[in-house]
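Summary of structural features
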There are 2 protein chains.
Amino acid sequence: MAHTTDSSAPQSARASAGTRLDPWYSSYADRSLGMRASEVRSLFAVANRPEVVSLAGGMPNIEGLPLDFLAEMTARLMRERGPKLLQYGGGQGEEEIRTQIVEVMRHDGIHAHPDDIIVTTGSQQALDLMTEIFINPGDVVVAEAPSYVGALGVFRAYQAEVIHSPMDNDGLIPEALEDTLTRAESLGKHVKFLYTVPNFHNPAGVTLSLERRPQIVEICRRHGVIILEDNPYGLLGFDSEPLPALQTYDPDAVVYLGSFSKIFAPGYRVGWALAPYAVTQRMVLAAESAILSPNMVGQLSIAEYLKTYDWFQQVKEYRSMYRERRDAMLESLSEYLPSCSWTVPDGGFYTWVTLPEGLDAHAMLPRAVTHRVAYVSGTAFFSDGQGRDHMRLSYCYPTPDSIREGVRRLGTVVEAEKELVTMFGAERRLTHGSAVDHPSTETH
Amino acid sequence: MAHTTDSSAPQSARASAGTRLDPWYSSYADRSLGMRASEVRSLFAVANRPEVVSLAGGMPNIEGLPLDFLAEMTARLMRERGPKLLQYGGGQGEEEIRTQIVEVMRHDGIHAHPDDIIVTTGSQQALDLMTEIFINPGDVVVAEAPSYVGALGVFRAYQAEVIHSPMDNDGLIPEALEDTLTRAESLGKHVKFLYTVPNFHNPAGVTLSLERRPQIVEICRRHGVIILEDNPYGLLGFDSEPLPALQTYDPDAVVYLGSFSKIFAPGYRVGWALAPYAVTQRMVLAAESAILSPNMVGQLSIAEYLKTYDWFQQVKEYRSMYRERRDAMLESLSEYLPSCSWTVPDGGFYTWVTLPEGLDAHAMLPRAVTHRVAYVSGTAFFSDGQGRDHMRLSYCYPTPDSIREGVRRLGTVVEAEKELVTMFGAERRLTHGSAVDHPSTETH
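Please read these numbers as outputs of a predicted model, since none were measured by experiment.

1. Some words on the environment of cysteine 220 of chain A
Residues and elements named next belong to chain A. Mapped onto the elements of the fold, cysteine 220 is located in helix H9 (residues 212-223). Considering only alpha carbons, one finds cysteine 220 and leucine 420, 200 residues apart in sequence, at a separation of 45 Å. Apart from residues no more than four positions distant in its own chain, cysteine 220 is found in contact with Leu177, Leu194, Val225 and Ile227.

As C-alpha cells, then:
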C-alpha cells in the first residue's frame, strides 16, 4: 500500500533486517536491565546441531505419545465443541480441567478443591505470577543451592534477592534452612517465600526425604515464609510412588505448582497452581492482566485426554523409558568419568556431577562443544556465581546409545582438562574465571 | 495417601471450600495491591444470565468458522507433525507463523521481517511485556480518553500513571496530544509510551483519520515517546480497506500489536508484537521468563489455517456479519434512545454512547440489569474516574434481533432515569456518585 511518510526512518532497510542498535535503550525500566538470556538458552544454538550429543536440554521425550488417538480426539472436540474450544475462557481456567487436576494431585496425597486452582500457561507462568504478586524489589526468595534456572530468571526479573540454602542427598537441610532464614531476618530482609523442587530436583537430581518434609514446612511456617513447591517431575519416580507433597502438611502455607509438560506434553503450555483461596484469586487477577485467559484448545484437549485415555499408563511408560536412560547415564558415568562424583536420581531428568578439584565446568564448555557434547554449567543454577565445579547432565531426551556416546566424549574432555590443570594449576583456573564475564563469550 | 502432619491447619475444611480470609495479606507486593477486578469482569456473572441481553462483552461471534475443516486440519497436523506440535518451542514463537504474520500485516501496509516479530499469548501478553520492560513505578503512559480497559489494568499492575488525551470523531487530536506531552514533561514526568487503538477504537468506536496519522507519529517522535499501536480490529472495517498503520510511518518508533482473536478465533490465545529488533529481543527475554514459550498447538494450527484456508474470505464474512449487527445497533439507538448521542463505527465491535445531561451510566447499571440488559459503564475506560456520562455498547456477540431488544430495554431504563433526574435533579446524581465506591456494589 502506497502512502506518504514524513519520517526519516530507513524503512526499506527495516524490511530486510532488524538493526542491532537500540534507540530506546535509555527508556527501559530498571527491571528490564536485569533480564538476560540464561546460560541454558544461549547453549541451544550449538547444542541443537545434529553432530552434538546434548546432555544439556530439559525437553521431555514425547515420541511414545498416541498420536492417532490424539488426532481423533482433537478432531472430535473441534466438531462437537468447536465454538467453546475457539472462544475466550475465564481467567482462572476451565472448571472441567481444574476438576481433572484435583484427580492428578491425589497421586501426591493432595485433597484439593477446583476453586483453589488456577490454570496457567505452563507452571512457568505460575512462578511468574507468584513472584509478581509477592515480590517488591529487594525482597528475598530463599531457593535451594542449586536451583532451577528458569525460576532464578523470574526472581531476577522482579528484582528479588535470591539466597541459596544448601542440600544434601536428602534434599534441603532443615538446620541449614533455619540458619538461612534466621540470618536473613537478622539483617532486616523480607523473606517472602522458599522456592523448592522437592522431587527429582532440577538440577540436583535429589529428593527431599519423607522425614524432612514436615520439618521444612514447620520451619517456614514459624518464620512466616510461604513455600512455593514446584513439582513438575513428581509422578516420574522410577522405583516407588510419590512422597506426600509439602502442601499436604499445611495447605494454608504452601503454593503447589504442577505441569502437564512432563507427564503428558509441553506443547499445549498448560500448568497450574494450587494455592490458599485468597492467593489464588490474586493470581487470577494478575493472570487476567497478563494474558486474559489460558488457551482453551490446550485446556479442553488435556481435560479430554485425562478423561478418555489411560493417562497414568502413559506416565508408567515414561517412567520406564526414563529409567532406562538414567541407567545408561549412571553406567556411562562410572565407566568414563571415574574422577567425578554425581547424584543418583530416583526419577526425573537430571544428574548433578561434581568435577575433580580444579576443573571449571563453565570454562570447559567450549572444549566440550568442540568434542560434540553439551551440558549446562553449574553456574547457571546459582544467582551468586557458585557452581563452577558442577555440571548438570540430562538424560531425558537422547537415546541410551547417544547418552553413552555423549558421556564417553565428556570423559575425554574431562581427562584433557585434568591434564591442563595438573600442568598449569590454579593459574589456569583463574584465567578461566576471568573469561566468564567477557561479553563476547556467546556460548556461556 | 495417609501421612502424618505436624500442622494445625484445618485440612479437611480446605478440601471442601477455600477460606475467604487471607493469612498472607501483609506479604503481598505493592503492585499487587493495585490490581483489582475490572468493571467488565465483575459484570460477567450477571451479563451471562440467559435472560439478559448483554451489550457488554467483547467476545467475537465465531459461529461461522469452518469446524469440519479445522477438525480435519488439526487431526492431520497431529498425525504428521505431532512430536513438534506437542513439544516446547522457542521463546520468540515459530518462524512458520511469524512468516504468515508478515503477510497478514501487509493488509495494514506494513513491510516487516519475521525476526522483528514475537508471538505472544494473545496481544494482551504483548501489552504486558511492553509495560514490563518499559515502565518503572510512576512512569507515565499516555492513552486515549477513553481507553481499552484491559490495557489500563496492565498499566495499573506496573504502577504506571495514565494520562488521558482527548479524541474526537477522527480519533486522537494532535494538538491536544502535543499539549498533553508538553504538560507532562514540564511536570518532570517520564512519558514512556503512547498507547493507542487507531482503528475502530475500543470503546470509542472511532478511527484515527489518514491525515492525522503522520502528525501523531511526528509528535511522539519529537517527544521521544514510543507508540504502542494496538490493532486487533483493523481488518474488520465495514466500508473500506484499512488505513496504513502508524507503524508504516516510522518503524523505529512504533510497536505494533496484532491478534488472531478477532480475525480468526481467540481460543488458541495467539497474538503478536512487531517492534524494533532490540525491543523485540527484550520482549523475548521477558516472555521466556513469563511462560518459556507460546503454545505450539495454537501457533502451528493458525499457521496451517492461514496457509491452507481462504482466511481472508473468512474475514470478509466477519465484516458483513458485524456490519449487519452494527446497523441493527445504530437503527435501534435512533429509535429507542433519541435523547442520547453515539459514535458511528466503520468497523470493529463497539459504539460509545453519551447519556443525556444528569444521567450516570455507572449508577444506572443495576436498573439496567433489572431490565435484563447489560452494558459497560464509561468509567471502566478511564483511570481517573471520568466516563459517568458514557456507556460502551457492543454489537459483536448478540444477534441483530437481540441487539434491537436490548437497546429497546435500555431505552426504557434511560427514560426512567431521565424522569428521576427531572424530579430530583443534581441531588439524585450525587447519591449515585457516592454509591459507586460502596464495596458491596458487586456488579460495578
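The rest of the description comes next.
2. Comments concerning the environment of leucine 243 of chain B
All names here are of chain B. Looking at the secondary structure, you find leucine 243 in the loop between strand E7 (226-230) and strand E8 (254-259). Residue class for leucine 243 comes out partly exposed when judged on its relative accessible area of 27%. Along the primary structure leucine 243 and proline 198 are separated by 45 residues, whereas in three dimensions their C-alpha atoms are 9.4 Å apart.

3. Quick notes on the packing of helix H8 (residues 174-186) of chain B against helix H9 (residues 212-223) of chain B
Residue and element names in this part refer to chain B. For the pair H8 and H9, the least separation of the axes is 10 Å and the interaxial angle reads 10°. Relative to H9, H8 is oriented roughly parallel. Residue-level contacts link Pro174, Leu177, Glu178, Leu181, Thr182 and Glu185 of H8 to Arg212, Gln215, Ile216, Ile219, Cys220, Arg222 and His223 of H9. In terms of residue class, the contact of H8 with H9 is made up of six nonpolar, three polar and four charged.

4. Let's talk about the relation of the copies chain A and chain B
One chain copy maps onto the other through a rotation about an axis and a shift parallel to that axis. Once chain A has been moved 0.0 Å along the axis and rotated by 180°, it coincides with chain B to within an RMSD of 0.0 Å. Such a turn and shift between the copies fits a two-fold axis. The position closest to the rotation axis in chain A is occupied by the C-alpha of alanine 75 of chain A, lying 2.8 Å away. Residue by residue, 100% of the interface of chain A is reproduced at the interface of chain B, so both copies engage with the same surface.

5. Re the pairing of strand E8 (residues 254-259) of chain A
Residues and elements named next belong to chain A. Buried residues dominate E8, accounting for six of its six residues. Every second residue of E8 is oriented toward a common face, with Val254, Tyr256 and Gly258 on one face and Val255, Leu257 and Ser259 on the other, all of them buried. Two strands pair when backbone bridges link them, and E8 and strand E9 (residues 271-274) are joined in this way by four bridges, in the antiparallel orientation. Bridge assignment links leucine 257 to a residue of E9, and that residue is alanine 273.

6. Some points on unusual backbone geometry
Residue and element names in this part refer to chain A. Cis geometry marks the peptide bond from asparagine 202 to proline 203, where omega comes out at 10°. Mapped onto the elements, proline 203 comes out in the loop between strand E6 (191-196) and H9. In this structure, leucine 292 takes a positive phi of about 70° despite not being glycine.

7. Observations concerning the interface of chain A and chain B
Opposite the 118 residues of chain A that make contact, chain B presents 119 residues. Roughly 9,900 Å² is buried in total at the junction of chain A and chain B, and carbon and sulfur atoms are behind 57% of that figure. It is Trp24, Leu86 and Tyr88 of chain A in chain A that bury the most area against chain B; as a group they hold 8% of the surface buried on that side. Counting across the chain A and chain B interface gives four salt bridges. At the boundary of chain A and chain B, one finds 35 residue pairs in polar contact (both at pLDDT 80 or more). Breaking the side of chain A that touches chain B down by element, the ones donating at least two residues are helix H1 (11-16), helix H2 (30-33), helix H4 (67-85), helix H6 (122-134), helix H7 (149-157), H9, helix H10 (277-291) and helix H11 (296-308) of chain A. Of the residues belonging to the side of chain A that touches chain B, the class tally is 62 nonpolar, 33 polar and 23 charged.

8. Considering the side chain of arginine 31 of chain B
Counting through the fold element by element, arginine 31 of chain B comes out in helix H2 (residues 30-33). Sequence-distant contacts of arginine 31 of chain B, defined by excluding residues within four places in its chain, comprise Thr131, Glu132, Ile135, Asn136, Pro137 and Tyr158 of chain A together with Ala157 and Gln159 of chain B.

9. Looking at the pattern of salt bridges
Two side chains with opposite charge may pair up if their charged atoms get near one another. Tallied over the full model, the rule gives 42 salt bridges over all chains. Between arginine 212 of chain A and aspartate 168 of chain A there is a salt bridge, and its shortest N-O distance comes to 2.8 Å. Of this pair, arginine 212 of chain A sits in helix H9 while aspartate 168 of chain A sits in strand E4 (residues 161-168), placing them 44 residues apart in sequence. For aspartate 168 of chain A, a relative accessible area of 31% gives the class partly exposed. The partner of arginine 106 of chain B in a salt bridge is glutamate 103 of chain B, with the nearest N and O atoms 3.3 Å apart. One end of the pair is arginine 106 of chain B and the other is glutamate 103 of chain B, both in helix H5 (residues 95-106) and three residues apart, which spans about a single turn. Connected via shared salt-bridge partners are Asp68 and Glu72 of chain A together with Arg79 of chain B.

10. Focus on the packing of aromatic side chains
Inspection of every chain in the model, using the stated rule, returns 34 aromatic pairs over all chains. When the ring of tryptophan 352 of chain A is compared with that of phenylalanine 382 of chain A, the centres are 6.4 Å apart and the planes differ by 45°; the resulting orientation is tilted. Placement of tryptophan 352 of chain A in strand E11 (residues 350-354) and of phenylalanine 382 of chain A in the loop between strand E13 (376-377) and strand E14 (390-394) is noted, with a sequence separation of 30 residues between them. You'll find tryptophan 352 of chain A and phenylalanine 382 of chain A in the same group, each marked buried. On the basis of an interplanar angle of 90° and a centroid distance of 5.9 Å, the ring pair of tyrosine 233 of chain B and tyrosine 350 of chain B is categorised as edge-to-face. With tyrosine 233 of chain B in the loop between E7 and E8 and tyrosine 350 of chain B in strand E11 (residues 350-354), the pair connects residues that are 117 residues apart, well separated along the chain. For the pair shown, tyrosine 233 of chain B and tyrosine 350 of chain B are each scored as buried. Connected via pairs of aromatic rings, a cluster forms that spans Phe69, Phe264, Tyr268, Tyr305 and Tyr309 of chain A. Positioned over the ring face of tyrosine 28 of chain B is arginine 282 of chain A, at 4.2 Å from the centre of the ring.

Rules of the game
Residues numbered from 1 in each chain as written. Chains lettered and ligands numbered in written order. Predicted model: local features only at pLDDT ≥ 70, side-chain atom pairs only at ≥ 80, totals over all residues. Heavy atoms only, no water. Helix = DSSP H or I, 4+ residues; strand = E, 2+ residues; numbered from the N terminus. Contact = heavy atoms within 4.5 Å. Buried < 20%, exposed > 50% of the residue type's maximum accessible area, 1.4 Å probe, protein only. Axes fitted to C-alpha atoms, helices over the stretch in contact; angles between N-to-C directions. Parallel < 35°, antiparallel > 145°, perpendicular 65-115°, else oblique. Nonpolar A, V, L, I, M, F, W, Y, C, P; charged D, E, K, R; others polar. Least-squares fit on C-alpha atoms with pLDDT ≥ 70 in both. Pairing = 2+ DSSP bridges. Buried area = accessible area lost by both parts, 1.4 Å probe. Salt bridge = Lys/Arg side-chain N within 4 Å of Asp/Glu carboxyl O. Polar contact = N/O pair within 3.5 Å; in protein donor to acceptor, adjacent residues only side chain to side chain. Phe/Tyr/Trp six-rings, centres within 6.5 Å; stacked < 30°, edge-to-face > 60°. Lys NZ or Arg CZ within 6 Å of the ring centre and 35° of its normal.

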